[in-house]
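Examining the three-dimensional arrangement
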Amino acid sequence: MTPLLHLAAEQKSADVTDWADRIGWIVGLLLFIALVYWLMRQGWKWRGTLQGDLPPLPDAPSGRGPVKLELSGRYHGSTTAGQWLDRIVAHGLGTRSRVELTLTDEGLDVVRPGAADFFVPARALREARLDKGIAGKVLTEGGLLIVTWAHGDKLIDSGFRSDHAAEQADWVTAINNMIDTHITTEGAAR
């Protein structure tokens, strides 16, 4: 019996948790996450500074005229036209939000609760199309309504997603018809 008693007396259970090491790792991880977040925020601010030459966004006119179309959905951001990964963050254009779009003869009114609203005059509209992606958002083919417009000397693509995706094709048709009519009217006036 002595050998068995000797084996039982020598076994010792290992320490379950070394709290000092665990707390050190947790604090280190939290500091790393904070550093990464801070660097991302600085990059966002730097991008806004680089895009400081973008003029202020126009406000909607007081007399907008009759409403052609309305849409509620999501605003997914704006990019340099034709470069779907070059996000524009100046003047709040990089902030995703809910959106209420209204198309009138005057242009496109973009109302964003919790973010800066803006207005795209009819003369600034260049194209509307259905596409699959814009910076930070990729959907199935035709899942996003992309509106190309001129602001200052820059062409901008803005991406919208309707709560009712079937109505996006109507928007493409209406905006492109409006652009064609505006170009025809401008050409006749010259």
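Computed from a predicted model, the values in this text were never measured in an experiment. (Residues numbered from 1 in each chain as written. Predicted model: local features only at pLDDT ≥ 70, side-chain atom pairs only at ≥ 80, totals over all residues. Heavy atoms only, no water.)

A word on the pattern of salt bridges
According to the stated counting rule, one finds five salt bridges in the structure shown. Here Lys 68 ties to Asp 105 by a salt bridge, and the two come within 3.1 Å at their closest N and O atoms. Pair noted here: Lys 68 is in strand β1 (residues 67-80) and Asp 105 is in the loop between β3 (97-104) and β4 (107-111), with a separation of 37 residues, a long-range link. Asp 105 gets classed as partly exposed once you look at its relative accessible area, which sits at 45%. A salt bridge links Arg 98 to Asp 163; its shortest N-O distance comes to 2.8 Å. Of the two residues, Arg 98 is situated in strand β3 and Asp 163 in the loop between β10 (154-162) and α3 (168-189); the sequence distance between them amounts to 65 residues. For Arg 98, a relative accessible area of 35% corresponds to the partly exposed category. When its relative accessible area of 39% is taken as the criterion, Asp 163 is described as partly exposed. Linked by salt bridges that have partners in common, Glu 127, Arg 129, Asp 131 and Asp 157 make up one network. (Salt bridge = Lys/Arg side-chain N within 4 Å of Asp/Glu carboxyl O. Helix = DSSP H or I, 4+ residues; strand = E, 2+ residues; numbered from the N terminus. Buried < 20%, exposed > 50% of the residue type's maximum accessible area, 1.4 Å probe, protein only.)

Observations concerning the packing of aromatic side chains
Applying the stated criterion across every chain, the model contains three aromatic pairs. Centre to centre, the rings of Tyr 75 and Phe 118 are 6.1 Å apart; their planes meet at 70°, and the pair counts as edge-to-face. Within this pair, whereas Tyr 75 is found in strand β1, its partner Phe 118 is found in strand β5 (residues 118-121), the two being separated by 43 residues in sequence. Ring geometry for Tyr 75 and Phe 160: centres 5.6 Å apart, planes at 50°, overall tilted. Remark: Phe 160 occurs in strand β10 and Tyr 75 occurs in strand β1; sequence separation between them is 85 residues. Taking the relative accessible area as the measure of exposure, Tyr 75 reaches 0% and is therefore buried. The rings of Tyr 75, Phe 118, Trp 149 and Phe 160 are connected pair by pair, giving a single aromatic cluster. One residue, Arg 22, lies across the ring of Trp 19, its end atom 5.8 Å from the ring centre. (Phe/Tyr/Trp six-rings, centres within 6.5 Å; stacked < 30°, edge-to-face > 60°. Lys NZ or Arg CZ within 6 Å of the ring centre and 35° of its normal.)

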